[in-house]
Amino acid sequence: MSAPPKDNSEGHTYGVVYANDSARAALAGRTTFPAGSVIVREKLSAPDAATPQLLAVMFKRAPGFNPKGGDWEFLTVDGSLKKITARQKKGSCLGCHSRQSERDFVFTLPPVSPAPGGLRIAPAKVRL
Ligand code: HEC
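Overview of the structure. (Residues numbered from 1 in each chain as written. Predicted model: local features only at pLDDT ≥ 70, side-chain atom pairs only at ≥ 80, totals over all residues.)

So, the overall build of the protein chain
- Across its full length, the protein chain holds two helices and five strands.
- Along its sequence from the N terminus, the protein chain presents helices and strands in the succession β-α-β-β-β-β-α.
- Buried residues in the protein chain amount to 27% of all 128 residues.
- Contacts in the protein chain between residues far apart in sequence, at least 24 positions, make up 47% of those at least 6 positions apart. (Helix = DSSP H or I, 4+ residues; strand = E, 2+ residues; numbered from the N terminus. Buried ≥ 20, exposed ≤ 12 C-beta atoms within 10 Å, placed from the backbone. Contact = placed C-beta atoms within 7 Å.)

Encoded structure:
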């Protein structure tokens, strides 16, 4: 797993956050996320970078999947969007996102508008 850079204490770098329909509804209402919610945080090296360095993904699994982590699975996908490079239930991702445990482990996001084209991860490329 490639840990976020050490100087990245405020979270991630540039990039867009994508949410599927379930996650978007929960974000709008700041409710608990239903199983099946997917949030993707793109990491770009620069604001105008053409391809991401990697994607950081939170996938809400079924109740009981990860009781201490809000049933979230944390994944990273490589910049070519072809390979899952890490998947964890605890560890560095949860370690930091636990700060937001009272908000279902999700940090405050700016208002979410429907992403054109929706999630960029094509299911054919990567199976989460
Ligand atoms: C050092 C703290 C820290 C670590 C470690 C960390 N994150 Fe985050 N993450 C943040 C912060 C802060 C935000 C919100 C600001 C932003 O997007 O940069 C965020 C945002 C996100 C989001 C968008 C949803 C949200 O919570 O706002 C996802 C998805 C995400 N992170 C996944 C991951 C994954 C997967 C890992 C592990 C590979 C990880 N994060 C590790 C701090 C962290």
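On we go from here.
Some details on the nonpolar core
- By size, the foremost hydrophobic cluster in this structure holds 23 residues, and its most contacted members are Ala23, Ile39 and Val57.
- The set of elements that each furnish at least two residues to this core consists of strand 1 (17-19), helix 1 (21-29), strand 2 (38-43), strand 3 (54-60), strand 4 (72-78) and helix 2 (92-97).
- Ranked by residues supplied to this core, first place goes to strand 3 with six residues.
- In this view, alanine 23 contacts Phe33, Ser37, Val38 and Ile39; residues no more than four positions away in its chain are not counted. (Core = buried A, V, L, I, M, F, W, Y, C linked by C-beta atoms within 7 Å.)

Structural notes on the environment of glycine 79
- Mapped onto the elements of the fold, glycine 79 is located in the loop between strand 4 and strand 5 (84-88).
- Spatially, the C-alpha atoms of glycine 79 and threonine 51 are 6.7 Å apart, while their sequence positions differ by 28 residues.
- Contact partners of glycine 79, with chain neighbours within four places excluded, come to Thr51, Pro52, Gln53 and Leu54.

Some details on the pairing of strand 4
- With respect to burial, strand 4 is a largely interior element, five of its seven residues being buried.
- Alignment of strand 3 against strand 4, held across seven bridges, turns out to be antiparallel. Bridged to valine 57 within strand 4 is leucine 75.
- Bridging between strand 4 and strand 5 involves four bridges; their strand directions are antiparallel. Residue valine 77 lies in a different strand from strand 5, and its bridge partner there is isoleucine 84.
- Between strand 4 and strand 5, which pair antiparallel in sequence order, lie five residues; one of them, leucine 81, sits at a positive phi of approximately 65°. (Pairing = 2+ DSSP bridges.)

Some details on the sheet that holds strand 5
- The five strands are arranged 1-2-3-4-5 in an open sheet whose pairing can be described as antiparallel. Since the sheet does not close on itself, it has two edges, and those belong to strand 1 and strand 5, each with one partner. Put simply, the sheet's adjacent strands are angled 15° from each other on average, direction ignored.
- Bridging between strand 1 and strand 2 involves three bridges; their strand directions are antiparallel. Among the inter-strand pairings, tyrosine 18 is bridged to a residue of strand 2, identified as valine 40. (Axes fitted to C-alpha atoms, helices over the stretch in contact; angles between N-to-C directions.)

Looking at the environment of glutamate 73
- Of note, glutamate 73 is situated in strand 4.
- Residue glutamate 73 is classed as partly exposed on the basis of its C-beta count, with 19 C-beta atoms lying within 10 Å.
- The contacts of glutamate 73, once residues within four sequence positions are left out, are Phe59, Arg61, Phe65, Asn66, Arg87 and Lys89.

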